[in-house]
Amino acid sequence: MQLELRGITKRFGSFTANDQISLKVEPGQIHSLLGENGAGKSTLMNVLFGLLRPDEGEILIDGVVAPIADSGEAVRRGIGMVHQHFMLVPVFSVTENVVLGFEPTKSFDRVDYRRATEDIERLSQQFHLDVDPDAIVENLPVGLQQRVEILKALSHDAELLILDEPTAVLTPQEIDSLMAIMRSLAAAGKSILFITHKLKEVKAVADVITVIRQGHVVGTAEPSASESELASMMVGRNVQLTVEKSPFNPGAEVLEVRDLVVLGDRGLVAVDGVSIDVRAGEVMALAGVQGNGQTEFVEALVGMRPVLSGTITLHGRDITNLTPRQALDAGLGHIPEDRQRDGLVLSMSVADNLVLNTPRRAPFARHGTRDLAAVNDNAVRLVHDFDIRTTSIQGPASSLSGGNQQKVIVARELSRPLEFLIASQPTRGLDVGSIEYVHRQIIEHRNHGNGSLIVSSELDEVLALGDRIAVMYEGKISGVVDPSVSRESIGLLMTGHTSETASV
Amino acid sequence: MSEVTAAPPRPSLWVRYTSSSPIVVTVFALVLGLVVGALIIITTTPAVLDAWRAIFHGWDGVPHALNVTFNNVGAAYRSMFTGSIVDPQGFWHSLVTGKGWTNTLTPISETFTYATPLVIVSIGVGIAFQTGLFNIGANGQAVIGGISGTVVGSMLHMPTILHLPLTLLAGIAGGMICGAVPGVLKAYTGAHEVIVTLMFNYVAYAFLLFMVLSTPFQQPGQQNDISRTMDPSAQLAPLFGSSSGLRVSFGVFVAALVVAFAWWLLNRSSLGFDFRVTGANPSAARASGINARSVIVVAFLISGGLAGLAGVVQVASTTHYIDGGFLIGNAGIGFTAITVALLGRNKPMGIVWAALLFAALGVGGRNMQAATGIPLDLATVIQSVIVLFVATPVLVKEIFRLRGVSTASVQLATTGWGS
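These figures come from a predicted structure and were not determined experimentally.

Engineer: Can you lay out the sheet that holds strand β12 (residues 269–279) of chain A for me, pointing to particular residues and giving the numbers?
Structural biologist: Residues and elements named next belong to chain A. Spatially, four strands are ordered β12-β11-β14-β15 in an open sheet, and the strand pairing comes out antiparallel. With one partner strand each, in any of the chains shown, β12 and β15 (317–318) form the two edges of the open sheet. Relative to β15, strand β14 (residues 307–314) runs antiparallel, the two being bridged by two bridges. The partner of L314 across the bridge, within β15, is R317. On top of the sheet, helix α9 (residues 294–301) reaches β11 (253–263), β12 and β14; it is set at about 60° to β12, its chief contact.

Engineer: Any details on helix α15 (residues 348–372) of chain B? Residues and values, ideally.
Structural biologist: End to end, α15 of chain B covers 35 Å across 25 residues, agreeing with the expected 36 Å (1.5 Å per residue, within 8%). Where α15 of chain B terminates, the next one or two residues include G373 of chain B, which has phi positive at roughly 80°.

Engineer: Now, about the pairing of β14 of chain A: what can you tell me, with residues and values included?
Structural biologist: Residue and element names in this part refer to chain A. Direction of pairing for β11 relative to β14: antiparallel, over a ladder of six bridges. Bridge pairing in β14 links V261 to S309. Remark: two residues form the turn of the hairpin made by β14 and β15, two consecutive strands paired antiparallel; H315 in that turn has positive phi of roughly 50°.

Engineer: How would you summarise the domain arrangement of chain A if you had to cite specific residues and measurements?
Structural biologist: Reports often express the size of an interface as the amount of accessible area lost when the parts come together. Residue and element names in this part refer to chain A. Segmentation of chain A into domains returns domain 1 (3–235), domain 2 (240–331 + 417–504) and domain 3 (348–415). Inter-centroid distance (C-alpha atoms) of domain 1 to domain 2 is 34 Å. Of the residues lining the interface, ten residues belong to domain 1; the matching set on domain 2 comes to eleven residues. Every element with two or more residues in the side of domain 1 that touches domain 2 is listed here: α6 (172–187) and α8 (227–235). For the side of domain 1 that touches domain 2, the leading source of residues is α8, giving five residues.

Engineer: Please provide a residue-by-residue account of the packing of helix α4 (residues 61–84) of chain B against α15 of chain B, values included.
Structural biologist: Residue and element names in this part refer to chain B. Here α4 crosses α15 at 125°, and the two axes come no closer than 7 Å. Of the possible angle classes, the one that applies to α4 and α15 is oblique. Of the two elements, α4 crosses α15, and the hand of that crossing is right-handed. Here A75, A76, S79, M80, F81, T82, G83 and S84 of α4 lie close against α15, whose contacting residues are A360, V363, G364, G365, R366, N367, M368, A371 and T372.

Engineer: Explain the interface of chain A and chain B residue by residue, including any values.
Structural biologist: Contact with chain A, which involves 33 residues of that partner, is made by 24 residues of chain B. Residue assignment for the side of chain A that touches chain B shows that the elements contributing at least two residues are β2 (15–25), α10 (324–329), α11 (339–343), β18 (369–370) and α14 (402–414) of chain A. A per-class count over the side of chain A that touches chain B returns twelve nonpolar, 13 polar and eight charged.

Engineer: Before we move on, can you summarise the sheet that holds strand β6 (residues 79–82) of chain A with the specific residues and values?
Structural biologist: All names here are of chain A. Spatial strand order, β6-β7-β8-β3-β9-β10: six strands in an open sheet with mixed pairing. At either end of the open sheet lies a strand with only one pairing partner, and these are β6 and β10 (216–221). Neighbour-to-neighbour, the strand axes of the sheet open up by a mean angle of 20°, direction not taken into account. Sheet analysis places β6 next to strand β7 (residues 160–164), joined by four bridges and oriented parallel. Its bridge partner lying in β7, I79 is registered against L160. Of the strands in this sheet, β6 and β7 are in contact with helix α5 (residues 142–155), which crosses β6 at around 170°.

Procedures and definitions
Residues numbered from 1 in each chain as written. Chains lettered and ligands numbered in written order. Predicted model: local features only at pLDDT ≥ 70, side-chain atom pairs only at ≥ 80, totals over all residues. Pairing = 2+ DSSP bridges. Helix = DSSP H or I, 4+ residues; strand = E, 2+ residues; numbered from the N terminus. Contact = placed C-beta atoms within 7 Å. Axes fitted to C-alpha atoms, helices over the stretch in contact; angles between N-to-C directions. Expected span 1.5 Å × (residues − 1). Domains from an automatic or database assignment. Parallel < 35°, antiparallel > 145°, perpendicular 65-115°, else oblique. Left-handed = near helix turned anticlockwise from the far one by under 90°. Nonpolar A, V, L, I, M, F, W, Y, C, P; charged D, E, K, R; others polar.

Right under this line is the structure:
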C-alpha cells in the first residue's frame, strides 16, 4: 500500500503539534520517522490512525484521498498499529487476544477458535514470527508479546504497519529479531512506518528516514547518513554523542554490597544474593532488561525496601536497612527510576522541588520555620548552574518538560554533599540534548573522584557511562565486564548466559 | 522542550481575568447557587405558582406573574441578606439617630458568632486534606473537645487568667486524643481513616450522652441531658460587653490566632512542607526521607486538636453548657467543615471567606424562614449547589463560557480515597 500525508497540521489550542507535515510511504518500504520526544511523532501517528482529527491536510491511500474518522476505519483501510504500550489482555491466550473485537464466528455466534488458530499459525509461519497460538500472553517475554501485537494487526489484513517506539522495551537480541521480522514484512510488500528516536536502529533497518522537529519535517535522510548527522538534524544543533571521560583512576572501595537478598512486591525473591563493589572515581553501570530486580536492588540501597539478608556498607559503615531519611543523611544521592512518582511533587514549585529532601537542613530552615529567601536563592543558583529551562522558579514542576524535570532532580542531588550517587534510568524518555547533559553531569561527578551506580536498560547508556558493567538477570549478577566487550556478549548476559559462555 | 517554543497569543483581558483566580469560579458558583435557589422558590411557593396559572385570566396576567415572582424571590434573598449582614434601612436609621445599634449589628454579629468555630474546625479539616487525609470525624472530635473543655470550665474554679486558657487547652486536648486514635491506627496498621473517623463520631455522641446523663458533669438537680454551666471565668466574653446584646465574642481572636498558625504551618514551616509533600505525592515524600507515620499522626493531632478547640469555643462563646443534642444534625459543624474546607481550597484565608459565606447563608436562612415562610432548607440547597459547582469547574466553565479557566487553577482538594 502506498500512503501519502499531505500538509497535515494539528493544533492543540495555541500549540501546533504538527505543522504542514508531508511524507510518502511506498509499498514494501520501511519508512523511519525520527524525532525527539515531543517532536510530534505520536500526534502524527494518532492522526493517521484516526484517533485525532487533523486541522488541515489530507491522507491519501494508493493515490486516493482517504479521510480516516476513527481507528475502526483505519483498520478497515489496512492500517495496523503496534502501540508502545501493548494493548493485550494478559490472561488471554494469543489466539484470544488476536481475535478480540473481530471474532470469527460459526453457527449460533460461537467463536471459531479453530479457524482463528489456523490463521495465526499461517501468518506466524509466513513472517517467521514464531508465536504459539495457545500460549497465555502474560507468560510470554516482552519481545513475543510485541509479535502478538504485530500478528493482531496482520490478521486484520493490515498493509501498512505503524510501529511506535517498538524497541524501547526489548533486549538487543529481541531488537535484532524484530528487525528481521520488519524486513520480511517489507519483502512481502507490507509498508512499515517505524517511529523511533534511536539512531542506530534507524540506520540498521530503514529505507527512507524522515526527521521531524518541533512539529515540522526538517528533512529526509538516507540510512547511510552518519549518526551525528542524523542527531544534529533531530536536535537542531551539533550533539556530542559520546561522553568524554577522564582516564579511569579508581580509588578505594566506597560502596560494598554483600549477598543482598530483597523481596519484590509480590513477596518473591527479586534480588537474589547480589554482591557488588564500587570504588571512588568509578561509575558502575548495572545493565539488564527491566524487571530483573534492578528496581528492588536500588530501593534496598536507598532504604525504601527492607533487606532480607546481606549487608550494604558505605565507606566501611554498615548502612543496611536504614530509613530513607538516614540513607539521605549518610550521603546517598538518588535519582529515582520514576521521576514523577518518586522524584518530584509536580504540583509544587520548582524551588520547593529543589529542596524536596533537604527542607529542614540549614540554610533552608531554622527552628522549624522555612527560610524561603534561602530556598529561592538556591533555586536561582541551581536553575542557572544546571541550565534548567523554566519560566519561573515559583511555577509548578509539572510545567517543565521531562528533560528539565530530570535536571531538577539531578541538580538537587548533585548540589548537596554526596558520598555516593545512585541513578536509575537517568535518561529515560529524555531527548538527545538532555541525555547529553545528564551524562556529562554524571561523568563530572565521577571525575571528581566520587563513586556512582548507574542502573539502565539502555545498552548505549551503559556503554557510554560505565567504567565497569554489571549485568543483572533474574535477581542475580550474571557477569561483571569491561565496557570494551562486544554488545553481543552483554546482550547474552542480559538474557541469563553466564560470563563464561558469554565471553566468546 | 520543543513544545514551549511557540509563544501563545496574548489572551484577552476577560480570559486572563477569569483564568487568573479560582475565586472567580467560586463567585460564579455562588451566582449559580442563587439562581437554582430562585428556581426552587418559584416552583415551590404557592403564590407564585397561582400567579403563573392565572396568566390568561386578564390582560396583565404575565406582567403580574413576573411581578409576583420577583417580589417573592426578592423578598427571600433580601431577608437572607438583611438577616445575615445588615439591614440598610436600619443601618441608616442608627446612623442618623444613634439608636438601635444592637438591632442593626445583630445580623453580622450572629454571622461571626456562627463562623468562629466553623473557621477553626474547617482549618483543622483543611490541614488534614492538605496532608492527603480525610478527617470525617471532626464533628466527633469537636464534641469531645466541647465536653472536655466544659468539664474544666464548669467543674474547676480559678481566676480567668488561668481558667479560660485551661478550658481552651482542655478542648484541644480532648480533640487531639480523639484524633490521635485514627491517626495512629492508620499510621501503624493501615486502617482507613475515613472509616475510623466516621465511626468515632458515634463513639463521641454516645460518650456525650453518658457524660450529661450519668456523671457529676450533669447539671445538679436535673433529669434532662444537660451539663453544668461554665464559670464566667471560663467563658469567652462578648466582644462588646454583655450589656451590648451582641453575641459575637472574643472567640474571633481565637479563630484569628488559628488562621495565623495555619498560615505559618502550611506556608512557612518545615512540618507543613512535609504535610504538603505527603499529601501531594506520598511516594516522593517517602523517597525524600519524610516519615509518613509521624506525618499522619501529627497531622491528625493538629486536625483533631483544632476540631476540639472549635467545640469548646462554641460552648464558651454561646450556650456555656452542652446538652445531648450538641453538634447533632444541622448543627454538626464538623461536617459543614468538610465542604467549607473544600470551598476554601484548604487555604486558611480561603476557609475564612468560605466559612463566613456559609455562616451568612445559615443565619440569613433562618431570618428568611421567619420573614417569608420559605424553609431554611433553601439555604442548605444553595450551599450544596455552590459546593457542587466549585467541585465541578468544568461545568461552570461551560455554563459561562469561561474559556481558558485551566483545570489546574482549580485544584482538586483531595487525592481521593486512596491512602
